[in-house]
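# Overview (structure and organization)
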Amino acid sequence: MNKASNKQPILSIKNLRVIFSGEFGEAAAINDVSFDLFPKETLAVVGESGCGKTVTALSILRLIQSPQGKIEKGLIEFEGKNILKFDTRSLYRLRGNKISMIFQEPMTSLNPVLTIGRQLTEVLIFHQNITEKEAKNKTIEMLQLVQIPDPKNCLKQYPHQLSGGMRQRIMIAMALLCDPKVLIADEPTTALDVTIQAQILDLMLEIQEKLGTAIILITHDLAVVANTADRVVVMYAGKIVEEGKVKEIYNNPRHPYTHGLLKSLPRLDNLNENNKKIRLTEMPGIVPSIYTKRIGCTFAPRCPLVTERCRIEEPPFKSVSNEHRTACFEWENIN
Amino acid sequence: MKNKLKPLLTVKDLYMHFPIRRGLFQKTVAHGHAVDGVSFDIASGETLGLVGESGCGKTTVGRIIVRLQEPTTGKVLLEGKNVFDFNKKKLKTFKRNVQIIFQDPYSSLNPRMTAGAIVSEPMIIHNTVPRNEINNEVKKLFDRVGLHSEQIDRYPHEFSGGQRQRLSIARALSLNPKLIVADEPVSALDVSIQAQVVNLLTDLQRDFQLSYIFISHDINVVGYISTRIAVMYLGQIMELAPRRKILTTPLHPYTESLLNSVPIPNPNIGYKRIKRLKGEVPSSINPPSGCPFHTRCPIAEKKCSIEKPILREIQNNHFVACHLR
C-alpha cells in the first residue's frame, strides 16, 4: 500500500499556475497546484464548480485554449520529461497514447458523423504501426473488455444510436486502446443514471486492475471518490487545500472546507434509530469568483475557524501526518 | 398509520402517452408511455419523494400535477376536487395553491425582469396583496428565503445558482401555496449550496405547513428530505413506503438494486459490488410486457413477463408492485 514512499511518480505537477484573460482582466484559474500521481493508483481531484479541477486536467494534456488561457508557470513532468516544453508533434504522440482522457459528456466528445469503428481504429492507426485489419481486431477486443454487447455490430453504428452509458463505454475503450500509462477521467459518470454510474465505475476499476493504468479521477461527487480512489486532492478556488489517502481524509479531515463538505452531504449510511432528521451543516456563502482579489486564505470568508491571521497571511501547504497535507493554520482545531 | 385525515392531493390512475409521429403525413406510429398508471396521495405538511432514473416519468407526473400538461387519462384531486374539471376561475385559485420550482435556476427566471418583479408578479396577477403593500411583502419574502432586500432591483444574471434557486422559492411562496412541486431543485447546485437550499425547504415546510412533492434522481437527497418515497420505473410506481422503510428494508428488487448502486461517502464501507443491475432502462416506446422491470430483474420468473403486477399494500403503509413479494 505504501505507494508514495517506494515508487517514483509517473506524473508530477509542480507549482502550476494557469491564467485566463477576459474582459475583466487577468485571473488565475489555478495557482500553485502541485501533486504526484503514482503508477497503478487512482487519484481523485475533487472540488466544486469553478475550483479549477478541469483546468488542471486540461493543462496536463496542454488542452488549455489559447490565447485566452495560458500556463504561466510550473512544471508537468511525465516519465521525466516536461510536457510544457513539448512541441506539437510530441504532443500528438502523447495524447491518446501515453496519456488519454475521458470527458463528461460522451455525446459531444464523439464525432456524430463517423461510425464508432472508424473513430476507434483511427486512434490505433495513428499511434501504432499496424494495418487496418489488425486495428479492427484490437478494437473488437477492447469493446469486449468494456462489455459492449455485440462489438462487431457496434463498429458499424453511429454515436446517436447508442445510449449514454454505452457511449461512455466507447469513450473508455477509445482512451484505453493504446494502453496508456495515465487515464484522466473528467466527471466520467456525472451525466449518467446511478445504476449506469455503478456499472461504469466498476468497469473502470476492473480495467485498472487488469491493465495497471494510473487514473486521475476528476469529480465533484465525494461519494464516488470514497468508493473508487486511493488518494484524494481537494481543491478550492484554484488551490489545493488538502491532500491525502482517502480513508485518512474522510475519517480525519484537516481542512475546514473538506470537513464542511463532508458534513453537508445528506447521507444514507447514518440513519439514526428514531428517524429524526439531523440538520445538514451549511457552509455559508459561495465560492469566490476567480476575479476577486484575495489576501490571506481563500476560504477565510466562509470558514468557521477563521482568525485574524487567516485574513492576512496565506497558510502554507504543509504536512500534518504521513502523506496528509493541508493548507490551514487551524488544522488542529477541527473536530 | 394510514392518512386518516383527508389527503391534500390525490393522484389517480394517471396515464400519459405521447404519440410518436413519423413520415410525410406525421402518422402516429407508436406511443411513448411516459406515465403508466400512477396513483398516490399526499397529506398536508408531508414530503413525498419521487425518485427514479431518467425517463421514469417523475418529471411528467410533477408537470401534470401543476397542470402544465394534460394527462391522457387520470385524475388529480386537490382536496377532493378534480383539477381537470376546473373552470377558469377555479383554476386561478388552484394555481395559487399549487406551485412549482424547476431544476434549472438559470432558465426558469425571466432574464429581463428584476428579482423584485419576478417575486411580485404572481401577487399582482392573483391580486392577493394590495398594491401598496406589495413592496413590503416582497421584502419579507426575500428575507424569509435568505436574500438581501438590496438585491430586489437586480436581474437574475447577477445572482449565483443558489441565490437564483432561493428566488424561485420566493416566487413559489408568494401566493402562500399549500403544495409545492419541486422538480430536481438542488440537482444543479454545488454540494455546499445544496445543503443551504435543502435546509431552507425544510424550514419553510415547518413554518408554513407546506406539502412538497420532491422529484429527484438523487437518492441521498430524497432519502434525507422525504416523509414517504415513491420509487418509479418506466412510468410506474414500483414501491411506495415511508422513508425509513424504503431506505432500510426495501421490498422491491428494483429499489434494492437502486440503493446498492448509490455510492456512499464513506470509504470505510467500501463499494458493494454486489447485486448490480445489468443493462439499461428499456425504451418507454415499447415497454416490456408484464412487469416493466422483468428484463433487468435478478429474481424474475416466467409470470413476470406476462402479467403486470399491481401496487398493493404488503405491510402497513408499504406498497409494492411485485409478484414475488
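Scroll up for the structure.
Anyway, here's the lowdown on the structure attached to this text. Just so it is clear, the structure is predicted and the values come from calculations on it, not from any experiment.

Another aspect to go through is the overall build of chain B. Per the secondary structure count, chain B includes nine helices and 12 strands. On C-alpha atoms alone, chain B measures out to a radius of gyration of 21 Å, which is about the 20 Å that the 2.2 N^0.38 rule sets for 325 residues. With respect to the three principal axes, the spread of C-alpha positions in chain B is 70 × 55 × 50 Å. A burial count over chain B gives 47% of its 325 residues as buried. A separation threshold of at least 6 residues defines the contact pool for chain B, and within that pool the share at least 24 residues apart is 64%.

A tally of regular secondary structure across chain A gives 12 helices and 12 strands. Whereas a compact globule of 335 residues would reach a radius of gyration of roughly 20 Å, chain A reaches 21 Å, a difference of no more than 12%. Its C-alpha atoms give chain A principal-axis dimensions of roughly 65 × 55 × 45 Å. When burial is assessed residue by residue, chain A has 45% of its 335 residues classed as buried. Within chain A, contacts between residues separated by at least 24 positions form 63% of all contacts whose residues are at least 6 apart in sequence.

All names here are of chain A. The strand order across the open sheet built from four strands is β2-β1-β4-β5, with neighbouring strands paired in antiparallel fashion. Only two strands of the sheet have a single partner each, and these edge strands are β2 (25-37) and β5 (81-82). Where strand β1 (residues 11-22) meets β2, nine bridges bridge the pair, whose relative direction is antiparallel. Considered in β2, the bridge of L11 is made with L37. Docked against the sheet, helix α2 (residues 53-60) engages β1, β2 and β4 (69-78), running at close to 70° with respect to β2.

Right, let's get into the interface of chain B and chain A. Each partner contributes residues to the interface: chain B has 37 residues there, and chain A has 39 residues. Those elements that place two or more of their residues in the side of chain B that touches chain A are α6 (191-208), α7 (219-225), α8 (243-248) and α9 (253-261) of chain B. If you tally residues by element for the side of chain B that touches chain A, the top one is α6 of chain B, at seven residues. Its residues assigned to classes, the side of chain B that touches chain A shows 17 nonpolar, 14 polar and six charged.

Before going further, it helps to examine the packing of helix α4 (residues 116-127) of chain A against helix α5 (residues 132-145) of chain A. All names here are of chain A. Contact geometry of α4 with α5 gives a least axis separation of 9 Å together with a crossing angle of 115°. The angle between the axes of α4 and α5 places the two elements in the roughly perpendicular class. You can see that α4 and α5 cross each other, and the crossing is right-handed. Together, G117, L120, T121, L124 and I125 of α4 and E132, A135, K136, K138 and T139 of α5 make up the contact between the two elements. Of the residues contributing to the contact of α4 with α5, the split by class is four nonpolar, three polar and three charged.

Let us now look at helix α5 (residues 161-173) of chain B. Residues and elements named next belong to chain B. In a regular helix each residue adds 1.5 Å, so 13 residues correspond to 18 Å; α5 covers 18 Å between its end C-alpha atoms and thus fits that length. Among the 13 residues that make up α5, 12 are buried, leaving the element largely enclosed by the rest of the structure. Buried residues of α5: G162, Q163, R164, Q165, R166, L167, S168, I169, A170, R171, A172 and L173, and no others. Against the buried residues of α5 lie β6 (98-101), α3 (115-126), α4 (134-144), β7 (179-183) and α6.

Our focus in this paragraph is the nonpolar core. The nonpolar side chains of a soluble globular protein tend to be buried, and buried together. The biggest cluster of nonpolar side chains holds 181 residues, and the ones touching the most others in it are A173 and I216 of chain A together with I213, V231 and I237 of chain B. Tallying contributions element by element places helix α7 (residues 164-176) of chain A first for this core, with eight residues. Here A173 of chain A is in contact with L120, M142, L143 and V146 of chain A, once residues within four sequence places are set aside.

All names here are of chain A. The topology assignment puts Y158 in the loop between α6 (151-154) and α7. Given 15 C-beta atoms within a 10 Å radius, Y158 is considered partly exposed. For the pair Y158 and T115, spaced 43 residues apart in the sequence, the C-alpha separation amounts to 4.6 Å. Contacts of Y158, omitting those with residues within four sequence positions, involve P112 and T115.

Rules used throughout
- Residues numbered from 1 in each chain as written.
- Chains lettered and ligands numbered in written order.
- Predicted model: local features only at pLDDT ≥ 70, side-chain atom pairs only at ≥ 80, totals over all residues.
- Helix = DSSP H or I, 4+ residues; strand = E, 2+ residues; numbered from the N terminus.
- Rg over C-alpha atoms; globule rule 2.2 N^0.38 Å.
- Buried ≥ 20, exposed ≤ 12 C-beta atoms within 10 Å, placed from the backbone.
- Contact = placed C-beta atoms within 7 Å.
- Pairing = 2+ DSSP bridges.
- Axes fitted to C-alpha atoms, helices over the stretch in contact; angles between N-to-C directions.
- Nonpolar A, V, L, I, M, F, W, Y, C, P; charged D, E, K, R; others polar.
- Parallel < 35°, antiparallel > 145°, perpendicular 65-115°, else oblique.
- Left-handed = near helix turned anticlockwise from the far one by under 90°.
- Expected span 1.5 Å × (residues − 1).
- Core = buried A, V, L, I, M, F, W, Y, C linked by C-beta atoms within 7 Å.

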